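Structural characterization, general
Here is what each chain is made of, one letter per residue.
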Amino acid sequence: MIELINISKHYPLGRRKKIVLRNINARIEPGRNLGILGQNGAGKSTLLRLIGGAELPTTGKIFRQAKVSWPIGFSGGFHGSLTGRENLNFICRIFDVDIDKVAEFVEEFSGLGDYMHMPVNTYSSGMKAKLAFGLSMAIDFDFYLIDEVTAVGDASFQKKSKAEFDRRKDHSTLLVVSHNINTIREHCETVAILHEGDLTFFDDLDDGIAFYNDLPAAKH
Amino acid sequence: MAVTLLDGFKVQKRVVWALMLRETKTLFGKHKLGYLWAVINASFQVGVFWFIREVAGAQPPHGMSTPVFLLGGFIPWLIFNNGVTDGMNAIWANRTLLTYPQLFPLDPLIARVLLQSAMQTVVFAILLCTAWGMGQHVEIVTPHAIFISLLLALLLGFGGGAMCSALNLMWPTTSQLVPMLMRLLFFTSGLFFTIVDLPSSLRAILYYNPLTHMIEYMRSGFVTDYGEHYISLSYAFTFALILLVFGLLLERYARRYLDRMV
């Protein structure tokens, strides 16, 4: 379970203050995939980074009684001059998981082959994302954070990813942020709408989507 | 599931260790000779000043051999200098790693400072043995003086690194000013001379430089009666601790600047 208590997040925007999240309280239970819909610039990625622990909220507290992944597809943590395998070793050490087991899984899943022993800066962006994705699958997380903007790989890899998520549905929960209704429909059972700093939960997908469609266009 | 301070410490130990292993690969990884460069670098600097001192006919005090005299200056200096200059960029260079929640901004800095200290200590041992093999007089009289001086270098490097990396986040011009300051300290810390030889007016000024005390204390480990009355360990340690406390406080404040850059 992930619990957000009185979470606010703002940062300065020129001389004004940009409020991304305003006093959010939420309980995210495992078992049902949650989609978070929001217009461009609503703060979806920031919310995901807060949940993942990459950023700290301005005020409030987040309790995680579960293993939460980094935003899937995030490959910024790789060091370009190190090989895929060396980067993998580093992340395994940080997360305290068995290096050999993870390496075996990632090699099989990502299909990178000999590229595992090449520096990451020789990789295409797709290959990097595959390595990052394989790693997050190899480490057994309870919650997977998915930022649609960073969705990875070609069609066949996406199919493989979807199958892998389906396979582990019993013990892993997805948290998907997107501005695209179809993405949310495809992966999620419940939905929350992020709009102007407020997060509104809907138990029923259709209710949430209807609410989202009625929102006025985003202004900047 | 209560997370205690001890658990947090265990995680940090693991993370810092992982970062150190990673840095060992990235530091010299792209050079063919790898870690030998750390040895080459130190011996080159010592060699240049050895040559200059020979030509100038300068005698090291108390019958110390010139390479030991110079190593006693350069090794703690390198720990301090590399701690500050590498440390200054550590947090910024590793900012994307902060996506992993186990990592705190200070961890990359700690990893770099520890790695530099360990590396230069090994270089020290290698070059002392080399000097001895070349027939120079190498004698360790008070081992704890050497050890304490190395520790002091680590503390000063860590404090200076924390201070500079925090300033660098808030005010990027820092990265231009720090090399200038380091150049100034290079010439005024007694790396290749001793304050004992200086006229008393100059000595009175350099006495405020904690690095001078660190270096002279290091040298006092290699001979008897080095001139300890010029050295104030308590001043150097007080300076180091104040620097460290201010560095850590400033780093805590500067963290808010990180969010916006990721």
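Structural notes, computed from the coordinates. Keep in mind the model is a prediction, meaning the values are calculated, not measured. (Residues numbered from 1 in each chain as written. Chains lettered and ligands numbered in written order. Predicted model: local features only at pLDDT ≥ 70, side-chain atom pairs only at ≥ 80, totals over all residues. Heavy atoms only, no water.)

Time to look at the overall build of chain B. Helices and strands together make up the secondary structure of chain B, namely 10 helices and 0 strands. Ordered by position in the sequence, the α and β elements of chain B form the string α-α-α-α-α-α-α-α-α-α. Taking 2.2 N^0.38 as the reference for a compact globule, 262 residues should give roughly 18 Å; the C-alpha atoms of chain B span a radius of gyration of 19 Å, in line with that estimate. For chain B, the spread of C-alpha atoms along the principal axes amounts to about 65 × 40 × 35 Å. The buried share of chain B, taken over its 262 residues, is 51%. Here the contacts in chain B between residues at least 6 apart in sequence split such that 77% fall between residues at least 24 apart. Just so you have it, chain B exposes about 12,600 Å², and 70% of that area is on carbon and sulfur atoms. (Helix = DSSP H or I, 4+ residues; strand = E, 2+ residues; numbered from the N terminus. Rg over C-alpha atoms; globule rule 2.2 N^0.38 Å. Buried < 20%, exposed > 50% of the residue type's maximum accessible area, 1.4 Å probe, protein only. Contact = heavy atoms within 4.5 Å. Areas by Shrake-Rupley, 256 points an atom, 1.4 Å probe, with all protein chains shown as cover.)

Turning next to the interface of chain A and chain B. Contacts between chain A and chain B engage 24 residues on the former and 19 residues on the latter. When chain A packs against chain B, the two sides together hide about 2,100 Å² of surface, and 64% of this comes from carbon and sulfur. By the criterion of area lost to chain B, the three top residues of chain A are F90, R93 and I94 of chain A, representing 28% of everything that side buries. At the junction of chain A with chain B, the criterion picks out 2 salt bridges. Put simply, K25 of chain B and E86 of chain A hold a salt bridge, and the shortest N to O gap is 4.0 Å. Secondary-structure elements contributing two or more residues to the side of chain A that touches chain B are strand 1 (2–13), helix 1 (44–52) and helix 2 (84–95) of chain A. (Buried area = accessible area lost by both parts, 1.4 Å probe. Salt bridge = Lys/Arg side-chain N within 4 Å of Asp/Glu carboxyl O.)

It is worth spelling out a nonpolar patch on the surface at this point. Nonpolar side chains collect at one region of the surface, where F44, V48, F51, I52 and V55 of chain B lie side by side and expose about 520 Å² of accessible area between them. Summarising the element assignment, V48 of chain B is placed in helix 2 (residues 36–56). (Patch = residues over 30% accessible without salt bridge, like charges linked within 9 Å, V, L, I, M, F, W, Y side chains within 5 Å.)

With that out of the way, let us pick up helix 7 (residues 205–213) of chain A. All names here are of chain A. Among the residues making up helix 7, those that are buried are L205, G208, I209 and Y212. In a view along the axis of helix 7, the buried residues occupy a sector of 95°, so they form one face of it. Turning to helix 7, the residues buried within the fold contact strand 3 (34–38), helix 6 (181–187), strand 7 (190–195) and strand 8 (198–202). One side-chain oxygen of the residue at the start of helix 7 lies 3.0 Å from the amide nitrogen of D206, identifying that residue as D204. (Arc of directions from axis to C-beta. Polar contact = N/O pair within 3.5 Å; in protein donor to acceptor, adjacent residues only side chain to side chain.)

Turning our attention to the sheet that holds strand 3 of chain A. Residues and elements named next belong to chain A. Taken in spatial order, the 5 strands make up an open sheet running 5-6-3-7-8, and their pairing is mixed. Only two strands of the sheet have a single neighbouring strand rather than two, namely strand 5 (143–147) and strand 8. Taking each pair of neighbouring strands and ignoring which way they run, the sheet shows an average axis angle of 20°. When strand 7 meets strand 8, the two strands line up antiparallel, connected through 5 bridges. Across the sheet, residue I193 finds its bridge partner in strand 8, namely T200. (Pairing = 2+ DSSP bridges. Axes fitted to C-alpha atoms, helices over the stretch in contact; angles between N-to-C directions.)

Time to look at the pattern of salt bridges. Within the structure shown, the criterion is met by 14 salt bridges over all chains. One salt bridge connects E216 of chain B with R219 of chain B, and the closest N-O pair in it is separated by 3.2 Å. Separated by 3 residues within a single helix, E216 of chain B and R219 of chain B lie in helix 8 (residues 210–220), roughly one turn from each other. Considered together, E216 of chain B and R219 of chain B belong to a single accessibility category, that of buried residues. Here the salt bridges do not stand alone but share partners, grouping E3, R27 and E29 of chain A into one network.

Further remarks concern the side chain of T212 of chain B. With respect to the secondary-structure elements, T212 of chain B resides in helix 8. A relative accessible area of 2% means that T212 of chain B is categorised as buried.

Residue and element names in this part refer to chain A. Direction of pairing for strand 1 relative to strand 2 (residues 16–28): antiparallel, over a ladder of 9 bridges. Counted as the bridge partner of H10 is I19 from strand 2. With antiparallel pairing between neighbouring strands as the criterion, strand 1 and strand 2 make up a hairpin whose turn holds 2 residues, including G14 at a positive phi of roughly 60°.

Below, the discussion takes up the sheet that holds strand 2 of chain A. Residues and elements named next belong to chain A. With antiparallel pairing, 3 strands are arranged side by side in an open sheet as 2-1-4. Every interior strand has two partners, whereas the edge strands, strand 2 and strand 4 (59–64), have only one. Neighbour to neighbour, the strand axes of the sheet diverge by 25° on average, direction disregarded. Sheet topology note: the strand 1/strand 4 ladder contains 5 bridges and is antiparallel. When the sheet's bridge partners are listed, E3 is paired in strand 4 with F63. Contacting strand 1, strand 2 and strand 4, helix 1 crosses the sheet at an angle of about 130° to strand 1.

All names here are of chain A. Tracing the chain through its elements places N25 in strand 2. Given the relative accessible area of 45%, N25 is considered partly exposed. In this structure the C-alpha to C-alpha distance between N25 and F141, which are 116 residues apart in sequence, comes to 23 Å. In contact with N25, other than residues within four places in its own chain, are L4, I5 and N6. One polar contact links the side chain of N25 to the main-chain amide nitrogen of N6, over a distance of 2.8 Å.

All names here are of chain A. Of note, D96 is a non-glycine position whose phi angle comes to about 60°, a positive value. Along the chain, the position of D96 falls in the loop between helix 2 and helix 3 (99–110). With a phi angle near 50°, E196 is a residue other than glycine that sits in the positive phi range. Position of E196 among the secondary structure elements: in the loop between strand 7 and strand 8.

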